[in-house]
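Fold and geometry: a report
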Number of protein chains: 4
Amino acid sequence: MARSDDDRTNSLGVRLDTTRKLTLDLAAPLSDADATIQPHPDASPAKWHLAHTTWFFETFILRDHVPGYRLHDERWPYLFNSYYEGEGERHARPRRGMISRPSLDEVREWRACVDKALAASLPSLPTAALALIELGIQHEQQHQELFLTDILAAFAENPLEPTFGAADAASCYSTEPLAWIDGREGLVEIGAPGGFSFDCERPRHKVLLHPHRIANRCVTNGEWENFIADAGYRTPSLWLSEGWDWVQANSIERPLYWHDDGSHFTLAGRRLLDRAAPVDHVSYYEADAYARWAGARLPTEAEWEDAFACSDPMIGHQLDTAGPVLAKSGGGPFGDVWQWTQSAYLPYPGFATEAGTVGEYNGKFMCGQFVLKGASCATPRGHSRASYRNFFPPSARWQFTGVRLARNA
Amino acid sequence: MARSDDDRTNSLGVRLDTTRKLTLDLAAPLSDADATIQPHPDASPAKWHLAHTTWFFETFILRDHVPGYRLHDERWPYLFNSYYEGEGERHARPRRGMISRPSLDEVREWRACVDKALAASLPSLPTAALALIELGIQHEQQHQELFLTDILAAFAENPLEPTFGAADAASCYSTEPLAWIDGREGLVEIGAPGGFSFDCERPRHKVLLHPHRIANRCVTNGEWENFIADAGYRTPSLWLSEGWDWVQANSIERPLYWHDDGSHFTLAGRRLLDRAAPVDHVSYYEADAYARWAGARLPTEAEWEDAFACSDPMIGHQLDTAGPVLAKSGGGPFGDVWQWTQSAYLPYPGFATEAGTVGEYNGKFMCGQFVLKGASCATPRGHSRASYRNFFPPSARWQFTGVRLARNA
Amino acid sequence: MARSDDDRTNSLGVRLDTTRKLTLDLAAPLSDADATIQPHPDASPAKWHLAHTTWFFETFILRDHVPGYRLHDERWPYLFNSYYEGEGERHARPRRGMISRPSLDEVREWRACVDKALAASLPSLPTAALALIELGIQHEQQHQELFLTDILAAFAENPLEPTFGAADAASCYSTEPLAWIDGREGLVEIGAPGGFSFDCERPRHKVLLHPHRIANRCVTNGEWENFIADAGYRTPSLWLSEGWDWVQANSIERPLYWHDDGSHFTLAGRRLLDRAAPVDHVSYYEADAYARWAGARLPTEAEWEDAFACSDPMIGHQLDTAGPVLAKSGGGPFGDVWQWTQSAYLPYPGFATEAGTVGEYNGKFMCGQFVLKGASCATPRGHSRASYRNFFPPSARWQFTGVRLARNA
Amino acid sequence: MARSDDDRTNSLGVRLDTTRKLTLDLAAPLSDADATIQPHPDASPAKWHLAHTTWFFETFILRDHVPGYRLHDERWPYLFNSYYEGEGERHARPRRGMISRPSLDEVREWRACVDKALAASLPSLPTAALALIELGIQHEQQHQELFLTDILAAFAENPLEPTFGAADAASCYSTEPLAWIDGREGLVEIGAPGGFSFDCERPRHKVLLHPHRIANRCVTNGEWENFIADAGYRTPSLWLSEGWDWVQANSIERPLYWHDDGSHFTLAGRRLLDRAAPVDHVSYYEADAYARWAGARLPTEAEWEDAFACSDPMIGHQLDTAGPVLAKSGGGPFGDVWQWTQSAYLPYPGFATEAGTVGEYNGKFMCGQFVLKGASCATPRGHSRASYRNFFPPSARWQFTGVRLARNA
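Just so it is clear, the structure is predicted and the values come from calculations on it, not from any experiment. (Residues numbered from 1 in each chain as written. Chains lettered and ligands numbered in written order. Predicted model: local features only at pLDDT ≥ 70, side-chain atom pairs only at ≥ 80, totals over all residues.)

**Overview of the overall build of chain A**
Here is the rule: Each helix is a run of DSSP H or I of at least 4 residues and each strand a run of E of at least 2, with the numbering of both proceeding from the N terminus. Within these notes, the globule rule equals 2.2 Å times the number of residues to the 0.38 power, and the radius of gyration is based on C-alpha atoms. Residues with at least 20 neighbouring C-beta atoms inside 10 Å of their own are called buried, those with 12 or fewer are called exposed, and the rest are partly exposed, where every C-beta is derived from the backbone. The contact criterion used is a C-beta to C-beta distance within 7 Å, with each C-beta placed from the backbone.
Within chain A, the regular secondary structure consists of 9 helices and 11 strands. On C-alpha atoms alone, chain A measures out to a radius of gyration of 21 Å, which is about the 22 Å that the 2.2 N^0.38 rule sets for 409 residues. Taken over the C-alpha atoms alone, chain A extends approximately 65 × 55 × 40 Å along its principal axes. Out of the 409 residues in chain A, the part that is buried amounts to 49%. Considering only residue pairs separated by 6 or more positions, chain A has 79% of its internal contacts joining residues 24 or more positions apart.

In structure tokens, the structure reads:
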């Protein structure tokens with residue numbers, strides 16, 4: 001191995017350690033029971049996230065690339081495979097909350113064993129395996145965000161309103177006035193330019209932008225209150241047909257976790273709404289209806305990406321250390337809340353899945369979902385980039401999802 | 001009114017008569033009971049189609065533009081409004097099959113009255129109303145197609161397998177060999193170039209095409225049998241995640257209306273599959289899985305539209321006269337089956353809905369649906385054009401929906 | 001055959017004719033479409049009742065006992081068998097409303113053919129077959145009542161509120177004052193004493209009655225209004241646990257078919273409530289809650305049967321001729337409304353099912369249902385008797401079901 | 001207070017201690033996570049049982065009868081009230097598994113505080129409160145049984161098959177031959193004769209028994225295997241209509257927890273079926289179908305009670321100490337498995353609920369349930385008696401429910 005390879009491996013090892021440790025830190029405030037429950041079928045138990053990310057490394061690195069490695073427990077892959085058909089049968093997703101054993105401590109022990117084996121094998125891994133470690137780190141970062149949104153969903157189910165941690169009251173930042181940035185027009189390039197990316201961000205390719213403008217900041221809680229006060233949730237003409245059905249079937253009247261007394265439930269417990277902060281926990285349906293109410297529209301993913309391609313994705317309210325993250329005012333495009341786009345999550349021209357089981361990573365979800373851009377307060381710093389394509393179904397609300405407006409020019 | 005206006009009005013009147021008559025002809029073989037039942041919540045009773053298209057003209061032309069017009073029956077708009085929130089409360093869609101009264105004959109009588117009032121008012125209608133008549137004609141043509149697919153769905157529910165009409169056995173056309181047409185690359189224009197179009201086809205705008213090729217014809221029943229024989233419906237790696245869930249939850253093993261003995265149910269009753277004819281009644285999930293199995297993909301809507309922008313949409317196996325339509329071999333891009341694209345049904349750059357209630361026509365469905373291009377054997381001839389954007393959810397199968405493949409070049 | 005046998009056969013033939021004719025009369029005001037629709041899975045289309053009762057005779061008499069008889073149509077038994085597992089596969093009950101063919105006229109023609117064959121075969125039928133004809137008559141009478149309740153349910157779905165026929169406004173009978181009849185105490189006999197009975201009414205057997213009193217008449221609409229006004233539907237302590245769940249899940253606020261303006265929907269259309277008439281279309285849950293509110297309870301089936309064993313079941317507001325029946329004031333125990341008892345529908349001591357497929361008639365439903373006694377305005381006169389055991393699940397409301405109170409003495 | 005009252009109070013205190021301690025012992029092998037999960041809406045988390053039984057004492061004794069008592073935590077009654085409408089709003093039953101806080105240890109601490117307060121208040125409690133303590137003990141014993149059946153249900157969801165404890169392999173008892181005991185005929189008395197009883201067992205009253213015989217023992221696993229081998233689960237004529245629907249809708253092929261390899265899952269893990277032991281975890285539907293297959297029937301509750309009125313309910317395989325209970329061969333009427341009767345759970349003649357909120361204890365469930373008699377291996381010894389009326393819906397299988405046959409004589 002050449003020196004630069006060595007360096008790269010060392011750097012990878014450091015990032016692996018940092019990432020693995022942050023996940024453990026996230027779990028620190030949780031009891032075994034907290035970590036076991038599953039609030040709804042789309043959210044997973046905290047313990048499951050700890051285990052699944054470990055399964056990923058054990059399976060695709062240790063089992064596949066380390067001769068003689070023996071699985072920590074042969075029965076656990078069945079429990080902690082998420083959706084990889086190529087890895088065989090697995091435990092039903094909506095029943096993940098039934099797995100009181102192995103305990104949180106046993107899962108932690110598994111993590112320790114796998115981490116040790118990874119560290120030992122790292123210097124001698126083939127390049128293909130190193131790429132999979134990189135993928136595993138990115139994968140674990142995604143689950144760190146899900147860990148936070150899922151434990152928020154779990155605690156929100158408990159009338160005692162447990163807190164994940166304490167946070168200061170919102171500071172008195174005022175909101176930046178809404179302004180419109182002129183977007184570029186004509187042929188531009190989007191997609192991953194190099195460096196790590198998921199398969200769905202590739203290949204980089206040209207797209208045609210039509211004249212448009214994009215908002216300088218996200219919609220705030222205060223602005224959302226105006227939408228509510230103006231009967232936004234009771235005016236069918238503002239909504240997509242499917243969205244209006246959803247509003248009525250679920251008696252939707254405000255963002256998820258909002259109460260009717262001006263407070264909302266957060267990882268730091270019940271708090272007064274910060275009117276200056278970006279609204280979060282809204283669905284695509286709500287984002288789209290709000291935009292229509294505001295005489296605007298949602299941006300396309302290409303418009304968003306081109307607008308912020310030169311912004312530094314390391315800057316913003318993102319996840320640095322374990323704790324009760326919150327969306328705040330004063331941030332930039334990367335952080336606080338993911339921003340819904342009007343673009344369906346579909347393959348880029350020339351898209352090809354990775355070879356092997358990890359090829360199931362993204363491509364098979366390209367149906368019925370919308371792309372979100374940016375990053376949120378729960379996104380580990382370093383994980384985001386302009387070409388990133390997050391995606392969720394239009395009714396999803398338990399993520400930190402918000403709204404940035406756009407307009408035709 | 002200038003002479004050319006007169007001519008245009010006359011021509012409109014002729015087309016109105018022709019269209020209204022074809023709907024009646026379609027209903028001719030049906031009993032009152034046939035025309036009343038609703039096979040599933042997404043399909044409507046035949047009688048409802050006759051009534052709803054009449055409601056459209058009575059509401060948006062006669063009520064809104066003919067002074068002194070009195071509604072035929074004030075209680076019927078509640079029954080026959082489809083989804084226009086702006087027109088107020090309406091009968092629940094899944095309960096349309098409960099409306100045994102008014103009878104088919106009473107609905108026919110309503111049609112006759114409305115037609116007479118339309119004919120009388122036509123010469124003096126303002127231009128805006130004439131545009132609404134054009135819209136009403138196009139709207140009724142859409143319902144003619146739905147009439148046929150819905151009555152097929154209804155008859156398919158009956159173990160006695162009623163037929164809508166008799167048809168000759170398939171002729172012995174052999175299938176054209178599959179070939180790949182080179183698509184254009186670079187900036188092209190799509191969208192309605194002029195003439196009548198729905199709002200969702202506008203504005204005409206530039207899109208960027210990437211190198212690609214598109215198939216010269218649709219996938220045939222014979223080819224689909226190969227897919228089945230090769231375990232296509234039992235191989236999860238071929239399917240979108242949502243598609244695989246759908247296959248398993250519904251025990252899907254073959255296209256809708258296929259039996260396991262080489263026959264399928266059609267408007268002409270149970271028939272042997274014509275192996276040379278385009279496969280029909282497949283969902284987006286199936287189309288997508290087939291394409292993956294075939295080492296290809298579905299075309300984008302822009303690729304399809306640009307490829308066939310110069311084809312004559314009047315040519316092909318389409319609906320000319322009432323009868324049991326069937327997909328056949330030997331047709332072109334317009335006819336036999338609608339062709340699924342991989343494009344989500346989303347607004348074009350600069351899209352704006354029509355003013356007023358008719359603005360609910362298309363825009364509010366831009367979520368969770370895929371675009372289909374071309375036309376089918378049930379599409380009234382004259383209704384289709386290259387810019388046409390048909391759309392259905394990915395699980396829909398009761399339309400005449402088929403597959404044309406594409407590939408990256 | 002002895003003379004008395006001849007007489008008996010003649011008498012049977014007359015009753016068969018009368019019964020078969022009444023069913024046809026009931027269908028007279030219906031269109032083909034009216035007769036085809038199915039308002040909910042527990043109710044059947046009117047046409048289905050005409051066909052099913054004919055299937056019963058064709059199957060169990062003509063097919064089984066008439067040498068050389070050929071089925072009118074071999075495919076129809078699949079459609080019109082109700083629930084007899086012994087007769088093989090059958091059309092799914094919730095899809096009965098999909099059978100637009102055969103038409104009402106074709107079913108009428110089937111009836112005529114079967115009636116003719118029955119008449120021809122009657123003189124030479126073996127005794128066992130004569131007993132099945134008697135069973136078939138009783139069976140058809142049951143379906144006459146269901147015909148009326150099901151067509152009421154169907155018309156109630158139509159916002160146009162079609163009427164089955166015209167009826168006079170309620171006369172001004174005042175209500176008899178509520179009084180309590182002393183029931184007998186000690187060992188009494190219940191169950192069919194002889195004559196025709198269903199298997200579930202047998203064997204006649206002794207039961208022990210505890211001291212009790214039973215109301216002289218049924219609860220009236222006016223009394224029910226008091227229950228509503230006293231928050232009966234909003235007071236959980238009045239309800240069974242399952243009943244309270246049902247009230248909340250279905251937002252129940254009043255009897256089925258009642259509107260909030262003092263009117264209710266009937267076979268004679270929308271009418272003002274007759275405050276003196278027995279309340280009808282209430283569930284067991286409602287009957288039980290009302291009784292608790294009134295400081296009373298529902299009678300047991302034995303208490304009811306013993307109380308009215310000597311009443312003439314031919315007297316009362318029952319079905320004589322086809323038309324829009326209504327519950328009225330001034331009737332006795334047999335007629336107007338079936339009366340819920342607190343007795344679960346269970347086998348009598350020594351109960352045995354009939355041999356053969358008709359043994360599925362009653363026994364297999366002995367779970368999850370409550371017994372109702374008496375008769376209703378939709379019960380054909382001559383069909384009822386004190387030992388009769390009608391039964392429905394506790395949530396059923398679309399029958400003419402009402403309340404007679406009882407008390408411990 | 002007279003001496004005998006003192007004695008009675010002392011004895012009550014001892015029984016209270018014993019009962020409270022057994023519940024704690026049952027929880028000993030469980031982790032916080034084990035105790036938190038809820039396997040299905042009808043089963044509760046183990047922690048919930050510990051908390052709910054404590055809530056009962058805190059509410060109905062300490063809060064209502066001990067002046068100055070302050071609730072341990074004012075927010076917990078909302079969480080741990082089961083179904084008492086009189087006690088106000090409460091946490092939704094199907095969401096009990098979301099309550100990761102309070103932790104198992106916090107609930108244990110609550111128990112300790114309440115136990116201490118109970119002990120301190122016991123000498124000075126009024127008689128009415130002493131009766132409620134007795135009720136609370138009986139109530140807690142019921143929850144001890146539910147604790148065991150619910151934790152079995154929870155562990156059965158985990159593919160790792162956790163065990164609640166270790167148990168010896170089945171001893172080689174052979175099964176007693178099936179024999180028929182002649183039941184009494186004529187008027188007998190049933191219902192609670194004195195001593196503690198639940199309201200639903202009262203009043204003691206006369207019933208009439210018809211000639212019958214009852215089996216000397218329960219149906220065994222070995223006999224059930226014969227039923228399966230004889231296509232018992234595939235023969236519709238053996239089943240109630242509702243039972244057959246249940247079999248088909250749920251693909252039922254064997255008792256709950258049986259695997260297809262001759263093993264079943266138990267509190268002691270996966271074990272070979274003990275063919276001599278009573279079959280358990282069967283529904284009423286299965287019990288009824290088995291009886292029909294065996295040419296027998298289920299006993300009525302009166303037949304069962306009269307047959308075993310003189311048997312000592314302290315004798316049998318019941319719960320003495322915490323551990324993995326199992327049904328075994330060689331037991332008597334009280335123990336191993338509850339025995340389904342054909343009697344619906346309905347009020348006895350003269351039944352009256354208790355005054356106050358505890359009056360919701362039993363009466364409001366008298367609909368849609370069947371009575372079970374005897375006791376099971378999970379019933380705390382001392383809790384059962386001949387007049388006891390256990391009850392469950394006909395589809396319930398997660399209790400230790402089995403079958404004793406009866407016959408007409």
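**Describing helix 8 (residues 284–293) of chain D**
Residues and elements named next belong to chain D. Helix 8 sits mainly inside the fold: 9 of its 10 residues count as buried. Along helix 8, the residues that are buried comprise Y284, Y285, E286, A287, D288, A289, Y290, A291 and R292. In this fold, the buried residues of helix 8 make contact with helix 6 (221–229), helix 7 (241–250), strand 7 (338–344) and strand 8 (370–374). Positive backbone phi, approximately 70 degrees, marks G295, located one or two places after helix 8.

**Section: the relation of the copies chain D and chain C**
This is how the line gets drawn: Least squares is the method for superposing the copies, and the C-alpha atoms it fits come from residues with pLDDT of at least 70 in both.
If you rotate chain D by 180 degrees and push it 0.0 Å along the axis, it lands on chain C with an RMSD of 0.0 Å. Within this description, the copies of the chain are treated as partners about a two-fold rotation axis. In terms of proximity to the rotation axis, the leading residue of chain D is G368 of chain D, whose C-alpha is 2.7 Å off the axis. Looking at the interface residues of chain D, 100% of them are also at the interface in chain C, so both copies use one shared face.

**Concerning the interface of chain D and chain C**
In this complex, chain D contributes 26 residues to the contact, which on the side of chain C involves 27 residues. Looking at the side of chain D that touches chain C, the elements with two or more residues in it are strand 3 (205–209), helix 7 and strand 7 of chain D.

**A short note on the sheet that holds strand 4 (residues 212–215) of chain C**
Where strands meet in a sheet, backbone hydrogen bonds hold them as pairs that are either parallel or antiparallel. All names here are of chain C. What counts here: Strand pairing requires that DSSP identify at least two bridges connecting the strands. Lines fitted to the C-alpha atoms define the axes, with helices restricted to the stretch that makes contact. Angles between their N-to-C directions range from 0 to 180 degrees.
Strand order across the open sheet formed by 3 strands is 1-4-11, with antiparallel pairing between neighbours. Of all strands in the sheet, those bounded by a partner on one side alone are strand 1 (180–182) and strand 11 (406–408). Across the sheet, the axes of successive neighbouring strands diverge by a mean angle of 30 degrees, strand direction being ignored. Both strand 4 and strand 11 contribute to a ladder of 3 bridges, which runs antiparallel. Across the sheet, the residue bridging to R213 is R407, located in strand 11.

**Here we look at the pairing of strand 8 of chain D**
All names here are of chain D. A large share of strand 8 lies buried, amounting to 5 of its 5 residues. Bridge count for strand 7 against strand 8 is 4 bridges, and the pairing is antiparallel. Looking at the pairing, Q339 lines up with K373 of strand 8. Across 3 bridges, the pairing between strand 8 and strand 9 (residues 390–392) is antiparallel.

**A short note on the UniProt feature "domain: DinB-like" (unreviewed entry) in chain A**
Formally: UniProt positions are given in the numbering used here, feature names are shortened, and annotations may be inferred rather than shown by experiment.
Within this numbering scheme, the UniProt entry marks residues 16–143 of chain A as carrying the feature "domain: DinB-like" (unreviewed entry). Taken end to end, residues 16–143 of chain A has its terminal C-alpha atoms 14 Å apart, with 56% of it in helix and 0% in strand.

**As for the UniProt feature "domain: Sulfatase-modifying factor enzyme-like" (unreviewed entry) in chain A**
Residues and elements named next belong to chain A. UniProt records the feature "domain: Sulfatase-modifying factor enzyme-like" (unreviewed entry) at residues 185–308 and 335–407, using the numbering of this structure. Helix makes up 28% of residues 185–308 and strand 18%, with an end-to-end C-alpha separation of 14 Å. With 0% helix and 26% strand, residues 335–407 has end C-alpha atoms that lie 22 Å from one another.

**What about the sheet that holds strand 8 of chain D?**
Read from one edge of the open sheet, 4 strands run 9-8-7-10 (chain D), paired in mixed fashion. In this open sheet, the two strands that pair with only one neighbour each are strand 9 and strand 10 (401–402) of chain D.

**Some details on the relation of the copies chain D and chain A**
Least-squares fitting of chain D to chain A yields an RMSD of 0.0 Å, with the superposition described by an axial translation of 0.0 Å and a rotation of 180 degrees. A share of 100% of the interface residues of chain D reappears at the interface of chain A, consistent with the copies meeting face to face through the same patch.

**Some points on the domain arrangement of chain A**
Residues and elements named next belong to chain A. Short version of the rule: Here the bounds of each domain stem from an automatic or database domain assignment. Think of it as three bins: nonpolar holds Ala, Val, Leu, Ile, Met, Phe, Trp, Tyr, Cys and Pro, charged holds Asp, Glu, Lys and Arg, and polar takes everything else, Gly as well.
Each assigned domain of chain A is listed here: domain 1 (3–156) and domain 2 (180–408). Between the C-alpha centres of domain 1 and domain 2 there is a distance of 26 Å. Each partner contributes to the interface: domain 1 provides 22 residues, whereas domain 2 provides 19 residues. Listed by contribution, the elements that provide at least two residues to the side of domain 1 that touches domain 2 are helix 1 (3–27) and helix 5 (127–156). The leading source of residues in the side of domain 1 that touches domain 2 is helix 5, at 11 residues. Each residue belonging to the side of domain 1 that touches domain 2 can be placed in one class, and the counts come to 12 nonpolar, 5 polar and 5 charged.

**Comments concerning unusual backbone geometry**
The omega torsion across R101 of chain C and P102 of chain C is 0 degrees, close enough to zero to call that bond cis. Here P102 of chain C lies in the loop between helix 3 (76–80) and helix 4 (104–121). A cis geometry characterises the amide bond from R202 of chain C onward to P203 of chain C, with omega recorded as -5 degrees. A positive phi angle is found at E161 of chain A, which is not glycine, with a value near 55 degrees. For E161 of chain A, the location among the structural elements is in the loop between helix 5 and strand 1 (180–182). By the C-beta count within 10 Å, which is 14 here, E161 of chain A ends up partly exposed.

**Here's the deal with the nonpolar core**
Generally speaking, nonpolar side chains in soluble globular proteins are found buried as a group. We count it as follows: In this usage, the nonpolar core is the set of buried Ala, Val, Leu, Ile, Met, Phe, Trp, Tyr and Cys residues whose C-beta atoms join them within 7 Å.
In terms of nonpolar packing, the biggest core is built from 396 residues, with V403 of chain A, V403 of chain B, V403 of chain C together with V403 of chain D touching the most fellow members. Not counting chain neighbours up to four residues away, the residues in contact with V403 of chain D comprise C218, V219, V279, V282, A287, Y290, A291, Q339 and W340 of chain D.

**Observations regarding the environment of D336 of chain D**
Mapped onto the fold, D336 of chain D is located in the loop between helix 9 (301–307) and strand 7. Between the C-alpha atom of D336 of chain D and that of G363 of chain D, which follows or precedes it by 27 residues, the distance is 27 Å.

**Some details on the environment of P236 of chain C**
Mapping P236 of chain C onto the fold places it in the loop between helix 6 (221–229) and helix 7 (241–249). For the pair P236 of chain C and Q248 of chain C, spaced 12 residues apart in sequence, the C-alpha to C-alpha distance is 9.9 Å. Here P236 of chain C is in contact with W244 of chain C together with E85 of chain D, once residues within four sequence places are set aside.

**Overview of helix 7 (residues 241–250) of chain B**
All names here are of chain B. Let me state the cut-off plainly: The directions considered for the arc are those from the helix axis to the C-beta atoms.
G243, W244 and V247 are the residues of helix 7 that are buried. Projected down its long axis, helix 7 carries its buried residues within an arc of 100 degrees, all on one side. Facing away from the buried surface of helix 7 by more than 90 degrees, the exposed residues are A249 and N250. Buried positions along helix 7 lie against helix 8 (284–293). Backbone geometry just downstream of helix 7 places S251 in the positive-phi region, at approximately 50 degrees.

**With respect to the packing of helix 2 (residues 46–65) of chain C against helix 5 (residues 127–156) of chain C**
Relative orientation and spacing of two packed helices are given, respectively, by the angle between their axes and the distance between those axes. Residues and elements named next belong to chain C. Formally: Note on angle classes: values under 35 degrees are labelled roughly parallel, values over 145 roughly antiparallel, values of 65 to 115 roughly perpendicular, and the remainder oblique.
In contact at an axis separation of 9 Å, helix 2 and helix 5 are set at 170 degrees when each is read in the N-to-C sense. For the element pair helix 2 / helix 5, the angle class is roughly antiparallel. Between helix 2 and helix 5, the residues in contact are A46, H49, H52, T53, F56, F57, F60, I61 and H65 and A129, L132, I133, G136, H139, E140, H143, L146, F147, D150 and I151, respectively. Class assignment of the residues belonging to the contact of helix 2 with helix 5 gives a composition of 11 nonpolar, 7 polar and 2 charged.

**Focus on the confidence of the model for chain A**
Filter applied, for reference: Scored from 0 to 100, pLDDT reflects the predictor's confidence in each residue.
Confidence along chain A averages 95 in pLDDT terms, with 99% of residues attaining 70 or more. Interface scoring of the predicted complex returns ipTM 0.95; its pTM is 0.96.

**Remarks on the environment of Q141 of chain D**
All names here are of chain D. Summarising the element assignment, Q141 is placed in helix 5 (residues 127–156). C-beta crowding within 10 Å serves as the criterion here: with 22 such atoms nearby, Q141 is assigned to the buried category. As a C-alpha pair, Q141 and A396 span 255 residues in sequence and 20 Å in three-dimensional space.

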